[in-house]
Amino acid sequence: MSRAAVVLAVLTAVAALAAARDCAGDVLLYSDADVANAADCETVEGTLDINIGATLPLLRSVGKDLTVAPCGAGQADLPALTTVGRNVYLNLSPIFKVVLLPALRSVKRNFKLELGNVRGMDDVTVDIGALQFVGKQLEVICSLGAKTSWPFPLFLGSLSSVSQILLQKIGDVSFPVLTSVPSLEASYCGDITCNSLTTVGQLSLSSTGNLRFPLLESAEQIWVLYSAVVMHTLEFPSLVDVCCSTCYFQFRGSNVTSLSVPKLQCVGSLIISEADALRSFYAPALEVVSLQNPGSSSESNAGPEDWANLEILDCMELSSVNLNSLQSVDGTLSLVNTSMVNLASFNSVTHVWGIRIQLNSLLKSFAGLDSLVNVEVNFHVFENPVLSDISLLNQQLRVGGNATFDDDPALCCSAIAKFAYHVQGTIFTDGTCDSSC
């Protein structure tokens, strides 16, 4: 560019800035004339409502809300906009599918992007790559269709502060610099990648693609429900603490063959259910399932019948469980409908509130419960067809409540009678046991 051209460009920019003005009140763009009248706005004190294609090259801030809800075709281009004082709402359509906000950094309240129709939206473009701050909720949803392969990706490479993220029916998602968020919820999405996230309040992931949270250390609630892709291993490699009065880690669904939390030490409740492909669960550092962190003196109003449970339910392929450091379960230890042949995975457990062992088709013995000395309330054993040996127990074991043995046909009736030695309450049985031994 020649020197004269540079000078002309600078003079043009200066002239434009000199002509820029503050626009009082709300600015409503319903016609080309409205757009022309607003073209020199540098600020909009109220709400900016864009209903047709519009380019506002000088606009730097909107005092209240920015709404793009077009009735016709076109695109919205606000190249200089950096700040919105309240909310941003973008509602795209097959004939209005380009919104350019390349300089937008701060939205004081909520940011909502709604993609109402997946058909004809393959080339949608939303430039919000500079967004750093959303005061409350970031919401990106597609109203129609549940196709996890839909190509719209969400990559927010600058987002560092937001209170809540809600994602639904979109493609791959990445927040590379986000380190903490109180709530992240995604359903029917592609891969979810948060390479810097260390702390999360509630993490809820339903029917998503691959999950990558390599640095996540602490959470209050984790809920992973049904993977939309086949994952050999679902791993939270850095997760240490999910421990508080209302904390839990819940995994349910298919397509995952191995669940790994190698550093997890404490969890409020741990529930693995309906995982028909799961073959192994790896949590070798887990020490306690408890309502509070070890050493904490805080009290919780929640009882162990509601929280602090370790439940493995309806996992017919699950045969390998590594819980070698687990010492206590403040709630109920439930093993229902698994493929475990013994209880060696629980060989360090000394204390539980209650036990429920039911419908384990391959479970032959209680081998592995050698360290268990205290069951605070009840010990329930139901419908385990090949269970035959319950003698391999610590002689110091005491059951504070009752014990129930129902429909365990391979179990000697005399062994049930001997089990009464451990029980302070009553032994209940329906009589379905082997009386020949």
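The structure this text deals with has already been given above.
Residues numbered from 1 in each chain as written. Predicted model: local features only at pLDDT ≥ 70, side-chain atom pairs only at ≥ 80, totals over all residues. Heavy atoms only, no water.

Quick notes on the packing of aromatic side chains
Point 1. Applying the stated criterion across every chain yields a total of five aromatic pairs.
Point 2. Arranged with centres 5.9 Å apart and planes meeting at 90 degrees, the rings of F236 and F249 form a pair that is edge-to-face. Of the two residues, F236 is situated in the loop between β24 (231-235) and β25 (241-242) and F249 in strand β26 (residues 248-252); the sequence distance between them amounts to 13 residues.
Point 3. Measuring from ring centre to ring centre gives 5.8 Å for F366 and F379, while their planes differ by 45 degrees; the resulting arrangement is tilted. With F366 in the loop between β35 (351-358) and β36 (374-375) and F379 in strand β37 (residues 379-382), this residue pair connects regions lying 13 residues apart in the sequence.
Point 4. The exposure class assigned to F366 is buried, which follows from its relative accessible area of 0%.
Point 5. Connected via pairs of aromatic rings, a cluster forms that spans F366, F379, F405 and F419. (Phe/Tyr/Trp six-rings, centres within 6.5 Å; stacked < 30°, edge-to-face > 60°. Helix = DSSP H or I, 4+ residues; strand = E, 2+ residues; numbered from the N terminus. Buried < 20%, exposed > 50% of the residue type's maximum accessible area, 1.4 Å probe, protein only.)

Comments concerning the sheet that holds strand β22 (residues 211-212)
Point 1. As summarised here, the arrangement of the four strands in space is β16-β18-β20-β22, forming an open sheet in which the pairing is parallel. At either end of the open sheet lies a strand with only one pairing partner, and these are β16 (154-155) and β22. (Pairing = 2+ DSSP bridges.)

Focus: a negative patch on the surface
Point 1. Taken together, the side chains of E274, D276, D314 and E317 make up a negatively charged region of the molecular surface.
Point 2. Tracing the chain through its elements places D276 in the loop between β29 (270-273) and β30 (280-282). (Patch = residues over 30% accessible without salt bridge, like charges linked within 9 Å, V, L, I, M, F, W, Y side chains within 5 Å. Areas by Shrake-Rupley, 256 points an atom, 1.4 Å probe, with all protein chains shown as cover. Salt bridge = Lys/Arg side-chain N within 4 Å of Asp/Glu carboxyl O. Lys, Arg positive; Asp, Glu negative; His and termini not counted. Charge placed at Lys NZ, Arg CZ, Asp CG, Glu CD.)

Looking at the pairing of strand β27 (residues 256-260)
Point 1. Buried residues dominate β27, accounting for five of its five residues.
Point 2. With four bridges joining them, β24 and β27 adopt parallel strand pairing. Bridging from a neighbouring strand, E235 pairs with S260 of β27.
Point 3. As paired strands, β27 and β30 are joined by three bridges and run parallel to one another. Its bridge partner being in β30, L259 is matched across the sheet by F281.

Points about the pattern of salt bridges
Point 1. Evaluated as defined, the whole model comprises five salt bridges.
Point 2. A salt bridge links R86 to D65; the nearest nitrogen and oxygen atoms lie 3.2 Å apart. Of this pair, R86 sits in the loop between β9 (83-84) and β10 (88-92) while D65 is found in the loop between β6 (61-62) and β7 (66-68), placing the two residues 21 residues apart along the sequence.
Point 3. R86 sits in the partly exposed class, given a relative accessible area of 26%.

Overview of the sheet that holds β27
Point 1. Read across the sheet, four strands follow the order β24-β27-β30-β33 without closing on themselves; strand pairing throughout is parallel. Of all strands in the sheet, those bounded by a partner on one side alone are β24 and β33 (320-322). Along the sheet, successive strands turn relative to each other by an average axial angle of 15 degrees, direction set aside. (Axes fitted to C-alpha atoms, helices over the stretch in contact; angles between N-to-C directions.)

What to know about the nonpolar core
Generally speaking, soluble globular proteins have nonpolar side chains that are buried together.
Point 1. L48, F111 and F175 are the most contacted members of the largest nonpolar core, which has 124 residues in total.
Point 2. What L48 contacts, discounting residues up to four positions off in sequence, is V27, L29, L56, L59, V62, D65, L66, T67 and L78. (Core = buried A, V, L, I, M, F, W, Y, C linked by side-chain atoms within 4.5 Å. Contact = heavy atoms within 4.5 Å.)

A few points about the pairing of β35
Point 1. In terms of burial, β35 is largely enclosed, as six of its eight residues are buried.
Point 2. Both β35 and β36 contribute to a ladder of two bridges, which runs parallel. Bridge pairing in β36 places H351 opposite N374.
Point 3. With four bridges joining them, β35 and β37 adopt parallel strand pairing. By the bridge assignment for β37, I357 is matched with V381.

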